[in-house]
Amino acid sequence: MLKRVLKCQKFSARHLLYRNESSANVYIHWPYCNKICTYCNFNKYLNTNVDHQRLLSCLLTEWRVLSDRHQITSADTIFFGGGTPSLMHMDTIEALVREISGSKGALEVSLEGNQGDLLGKMSSLESAGVTRLSMGMQALSDKDLLYLNRDHSVAQSMDCLQQSLTTFPSSTSVDLIFGRPGQLVSDCLEEVEMLAEMGISHMSLYQLTVERGTKLSKQVVGGHVRLPEEDMMADMYLGAVECLKKKGLARYEV
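Residues numbered from 1 in each chain as written. Predicted model: local features only at pLDDT ≥ 70, side-chain atom pairs only at ≥ 80, totals over all residues. Heavy atoms only, no water.

Some remarks on the overall build of the chain
Stage number 1. The helix and strand inventory of the chain stands at ten helices and eight strands.
Stage number 2. Taken over the C-alpha atoms alone, the chain extends approximately 50 × 40 × 35 Å along its principal axes.
Stage number 3. The proportion of buried residues among the 254 residues of the chain is 49%.
Stage number 4. Counting only contacts in the chain whose residues sit at least 6 apart along the sequence, the fraction spanning at least 24 positions is 74%. (Helix = DSSP H or I, 4+ residues; strand = E, 2+ residues; numbered from the N terminus. Buried < 20%, exposed > 50% of the residue type's maximum accessible area, 1.4 Å probe, protein only. Contact = heavy atoms within 4.5 Å.)

Quick notes on unusual backbone geometry
Stage number 1. Here G82 and G83 are connected by a cis peptide whose omega angle stands at 15°.
Stage number 2. Within the secondary structure, G83 sits in the loop between β4 (74-82) and α3 (90-101).
Stage number 3. Residue Q71 is not a glycine yet carries a positive backbone phi of 55°.
Stage number 4. Along the chain, Q71 falls in the loop between α2 (52-69) and β4.
Stage number 5. Relative accessible area serves as the criterion here: at 64%, Q71 is assigned to the exposed category.

A word on the sheet that holds strand β8 (residues 202-207)
Stage number 1. If you trace the six strands from one edge of the open sheet to the other, you get β1-β4-β5-β6-β7-β8, paired in parallel fashion. Both outer strands of the open sheet, β1 (23-30) and β8, are each paired with one neighbouring strand and no more. Mean inter-strand twist for the sheet, computed between neighbouring axes without regard to direction, equals 15°.
Stage number 2. As paired strands, β4 and strand β5 (residues 108-113) are joined by four bridges and run parallel to one another. Bridge pairing in β5 links I78 to V109.
Stage number 3. In the packing of helix α7 (residues 154-167) onto the sheet, the strands contacted are β6 (132-138) and β7 (172-178), and the crossing angle to β6 comes to about 165°.
Stage number 4. Along the sheet, helix α8 (residues 185-196) contacts β6, β7 and β8; its crossing angle with β7, the most-contacted strand, is approximately 180°. (Pairing = 2+ DSSP bridges. Axes fitted to C-alpha atoms, helices over the stretch in contact; angles between N-to-C directions.)

Quick word on the pattern of salt bridges
Stage number 1. Following the criterion strictly, the structure yields seven salt bridges and no others.
Stage number 2. Between E94 and R98 there is a salt bridge, and its shortest N-O distance comes to 4.0 Å. Linking E94 with R98, this pair stays in helix α3, spanning four residues, or about one helical turn.
Stage number 3. When its relative accessible area of 35% is taken as the criterion, E94 is described as partly exposed.
Stage number 4. E197 is the partner of K247 in a salt bridge, and the nearest nitrogen-oxygen pair spans 3.1 Å. (Salt bridge = Lys/Arg side-chain N within 4 Å of Asp/Glu carboxyl O.)

Quick look at the packing of α2 against α3
Stage number 1. α3 packs onto α2 with a crossing angle of 10° between their chain directions and a minimal axis gap of 10 Å. Looking at the two axes, α2 sits roughly parallel to α3. On α3, the residues that touch H52, L56, L59, L60, W63 and R64 of α2 are T92, A95, L96, E99 and I100. (Parallel < 35°, antiparallel > 145°, perpendicular 65-115°, else oblique.)

Points about the packing of α8 against helix α10 (residues 230-246)
Stage number 1. Remark: α8 packs on α10, axes separated minimally by 9 Å, with the N-to-C direction vectors making an angle of 25°. In terms of orientation, α8 and α10 fall into the roughly parallel class. Judged by the twist between their axes, the crossing of α8 over α10 is right-handed. Contacts between α8 and α10 involve V185, C188, L189, V192, E193 and A196 from the first element and M232, D235, M236, G239, A240, C243 and L244 from the second. (Left-handed = near helix turned anticlockwise from the far one by under 90°.)

A closer look at the environment of E126
Stage number 1. Along the chain, the position of E126 falls in helix α5 (residues 122-128).
Stage number 2. We classify E126 as partly exposed; its relative accessible area is 45%.
Stage number 3. In the structure, E126 is positioned 32 residues away from E94 in sequence and 9.6 Å away in space, judged by C-alpha atoms.
Stage number 4. Once you skip the residues sitting within four places of it in the chain, E126 turns out to touch T167 and F168.

Some remarks on the nonpolar core
Stage number 1. Ranked by internal contacts, the top residues of the largest apolar core, which has 59 residues, are F80, I93, V192 and L195.
Stage number 2. Setting aside anything within four residues of it in sequence, one finds I93 in contact with F80, M88, L111, L125, A128 and V130.
Stage number 3. The next biggest cluster of nonpolar side chains, apart from the first, holds eight residues, and it includes C37, I177, L208 and L216. (Core = buried A, V, L, I, M, F, W, Y, C linked by side-chain atoms within 4.5 Å.)

Notes on the side chain of E112
Stage number 1. Structurally, E112 can be placed in strand β5.
Stage number 2. Residue E112 is classed as buried on the basis of its relative accessible area of 17%.
Stage number 3. At 3.4 Å, the side chain of E112 and the backbone nitrogen of G82 are in polar contact. (Polar contact = N/O pair within 3.5 Å; in protein donor to acceptor, adjacent residues only side chain to side chain.)

Interpretation note: all reported values are geometric properties and have no functional meaning in isolation.
Written out as structure tokens, the structure reads:
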């Protein structure tokens, strides 16, 4: 991964159980998606017949039980991950932020999302308590987005990024996948440079990996898809590190 230094850290409920301090970094997983990406092996389900009110009630109950049991009086950060947390209702996000932040008030609240869900919603997200947006752009090629089974286009991504930079100018992050089928080193570095020049404060760069049980795995094993050679992917990674360094985005995690 290539990232600029970021305060927010992910903690699942299991991590929370073993914290002895009076504060916590809270990770909330929203496992529902409109489409299943070909490479994803996370805990996820298609977004059908979701009972938002019941899920909110369950999440609030879990927070209250865990914070009481472990004497957690406040949260330092909240991270909404997934799945696709941008599919959450705004009132659900707002209720969770209000409950978890408690008397502490303002804190860092990050939300991952897909561009198709986020367009035109920046002010609503900000009003709900979100202070940082992490956009799953993944590729700047419509052909590759279609192959990865993403539910947005490059045009939507760029429009959404502009909107996010207006509302969250110093706290907009993007995710980008390299090592995609047919991708050249020059293709990868062109995407990295284009995004860095737009003024983002953080980038997560992931090598496309083959995870067992995914559609991508079946395609690779069946010989229908070939990923770039290891040396080429190494060149993509090292070239991206250098490019981002020049743009002021320092690597801090691998």
